[in-house]
Amino acid sequence: MSNSTDLKTRQTAAVPTGVGSKGIYVAKAENSEVWDVDGRRFVDFAAGIAVLNTGHRHPRVMEAVAKQCELFAHTCFHVLSYESYIHLAERLNAAAPGDFAKKTIFLNSGAEAVENAIKIARIYTKRSAVIAFSGGFHGRTLLTMGLTGKVMPYKRGFGPFPAEVYHAEFPHPYHGVTTEQALGDIDRLFHGDVDPKAVAAIIIEPVQGEGGFNIAPADFLRALRRLCDEHGIVLIADEVQGGIARTGKMFSIEHAGVVPDLITVAKGLGGGFPLSGVIGRATIMDAAHPGGLGGTYGGNPISIAAAHAVLDVIESEQLFARATRVGQRMRARLDALALELPCIGDVRGLGAMVAMELVKDRKTKEPDAALTTAVVAQAEQRGLILLSCGTSANVVRLLSPLTIPDAVLEEGLNILAEALRAAYGRESARAVA
Ligand code: PLP
């Protein structure tokens, strides 16, 4: 097998620059640990960006996939249908909040789920406008880029973007944006830019992922529900990152007690196999004509088999409670580090979706992107895979598998503490010099 230096050289020659990567080349992975081609071992606090809630290669997921491979690998559901697709739809319909009939369509990626949710909202309402939020991330396809509220690296140079997409401010108590101000911003849109009666959907991540693990306050989500009811707008919860037990509930919006009309899911659902879906009110989901929704691979039988195993594991291993405990442990460590290191401006999270925001000064809250990059690099040198996020690239996010053993979690948190101290010491020395 090639070593990582060779692979980096070959990647540079063969793969476009736009496909960013860390330069770590994996050889094998098990639950929350990864080994690279050079034989280095890492604790994984990225989980393939919130995909591996059930860990790398969960035995039940692997077994379900192997069994399905013995039967059939692809038929295209539109051509030859299969019970497992229908049964997974039934399970998700039952799991989603809302005391009404629901239906689910399966697709491949998070972006595709978002695209379909917007299509469905538009055909149902016979309206075209969509409201999304600053700092939101919904994918890299043309429409989802338009919905995304973060220019770099997602939008720069890729326009023009689809029309009829409006951005309102996401409430952010740490940065002084209150629920009232965020609602005022929607009011401003309704008066200045778009008639609420022309709005098909409001799409929101109840916990922003790429945007910095910003948690929408419950009163804001409740107010959105009221606004949508008042104006006949479809409320879409984008649960691609925050869903499937990550926050201690199946869907993160459940923490606020708000029932959306449509929910997009992906990532954790397939346990490492590409699968996404839109779950929603049957009356809305049924608005599209036959053939209007779908695709060649959507609901691929192998991914569907994996997803059934994921839902089984969430139940049998009590991953809602485990997510809460993992998150508490992470937060306790980050809170303790914040007492020691003034560069930690904020520690926040919901369940096992935990982050710290790094700042140059706690009063001004000036973002420290350089320190954030240094922390991630220092962690990697010490054997911990970390991801940053945030519109100012100054948030470190912790997204370990929910199945991570306590000892590995502690090991990862110890490395994180060392990496922070080392990076902070180095960056502070540089600032003084
Ligand atoms: N929506 C949210 C909230 C996400 O976090 C992501 C990906 O990170 C997407 C949509 C897009 O998902 P995908 O990369 O599978 O297209």
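Provided above is the structure to which this section pertains.
To start, this report covers the structure provided alongside it. Just so it is clear, the model here is predicted, and its values are computed rather than measured.

## Notes on the environment of V240
- With respect to the secondary-structure elements, V240 resides in the loop between β8 (234-238) and β9 (262-265).
- The class of V240 is buried, set by a relative accessible area of 12%.
- Linking V240 and K267, residues 27 residues apart in sequence, is a C-alpha distance of 6.0 Å.
- Apart from the residues within four sequence positions on either side, V240 is in contact with G110, T264, V265, A266 and K267.

## Let's talk about the sheet that holds strand β14 (residues 387-389)
- Read from one edge of the open sheet, four strands run β11-β12-β15-β14, paired in antiparallel fashion. Since the sheet does not close on itself, it has two edges, and those belong to β11 (344-350) and β14, each with one partner. With strand direction ignored, the average angle separating the axes of adjacent strands in the sheet is 30°.

## Here's the deal with the site of the ligand
- In the region of the ligand, the neighbouring residues are S109, G110, A111, F137, H138, G139, E205, E210, D238, V240, Q241 and K267.
- With respect to the ligand, the backbone of A111 contributes an N or O atom lying 2.8 Å from an oxygen atom.
- Within the contact set of the ligand, an oxygen atom lies 2.9 Å away from a side-chain nitrogen or oxygen of Q241.
- Against a free-state accessible area of 390 Å², the protein chains account for coverage of 84% of the ligand.
- Within the shell around the ligand, the residues separate by chemical class into three nonpolar, five polar and four charged.

## Some remarks on helix α10 (residues 301-316)
- Over its 16 residues, α10 runs 23 Å from end to end, which matches the ideal 22 Å to within 8%, given 1.5 Å per residue.
- Counting buried positions along α10 yields 13 of 16 residues, so the element is predominantly enclosed.
- Positive backbone phi, approximately 50°, marks Q318, located one or two places after α10.

## A look at the pattern of salt bridges
- Summed over all chains, the structure comprises 22 salt bridges.
- Here R91 and D312 are joined by a salt bridge, their closest N and O atoms 2.7 Å apart. One end of the pair, R91, is in helix α4 (residues 83-95); the other, D312, is in helix α10, and 221 residues separate them in sequence.
- Salt bridges linked by common partners bring R225, D229, D261 and R281 together as one network.

## Comments concerning the packing of aromatic side chains
- Applying the stated criterion across every chain yields a total of eight aromatic pairs.
- Measuring from centroid to centroid gives 5.5 Å for F72 and Y82, while their planes differ by 55°, and the two rings are tilted. In this pair, F72 sits in the loop between α3 (59-71) and α4 while Y82 sits in the loop between α3 and α4, placing the two residues 10 residues apart along the sequence.
- A residue is classified by how much of its surface remains accessible, and Y82, at 6% relative accessible area, is buried.
- On the numbers, 5.8 Å between centres and 80° between planes, the contact of F133 with F220 is edge-to-face.

About the cut-offs
Residues numbered from 1 in each chain as written. Predicted model: local features only at pLDDT ≥ 70, side-chain atom pairs only at ≥ 80, totals over all residues. Heavy atoms only, no water. Helix = DSSP H or I, 4+ residues; strand = E, 2+ residues; numbered from the N terminus. Buried < 20%, exposed > 50% of the residue type's maximum accessible area, 1.4 Å probe, protein only. Contact = heavy atoms within 4.5 Å. Pairing = 2+ DSSP bridges. Axes fitted to C-alpha atoms, helices over the stretch in contact; angles between N-to-C directions. Near = heavy atom within 4 Å. Polar contact = N/O pair within 3.5 Å; in protein donor to acceptor, adjacent residues only side chain to side chain. Areas by Shrake-Rupley, 256 points an atom, 1.4 Å probe, with all protein chains shown as cover. Nonpolar A, V, L, I, M, F, W, Y, C, P; charged D, E, K, R; others polar. Expected span 1.5 Å × (residues − 1). Salt bridge = Lys/Arg side-chain N within 4 Å of Asp/Glu carboxyl O. Phe/Tyr/Trp six-rings, centres within 6.5 Å; stacked < 30°, edge-to-face > 60°.

So, to be careful, I would describe these as geometric facts and stop short of saying anything about function.
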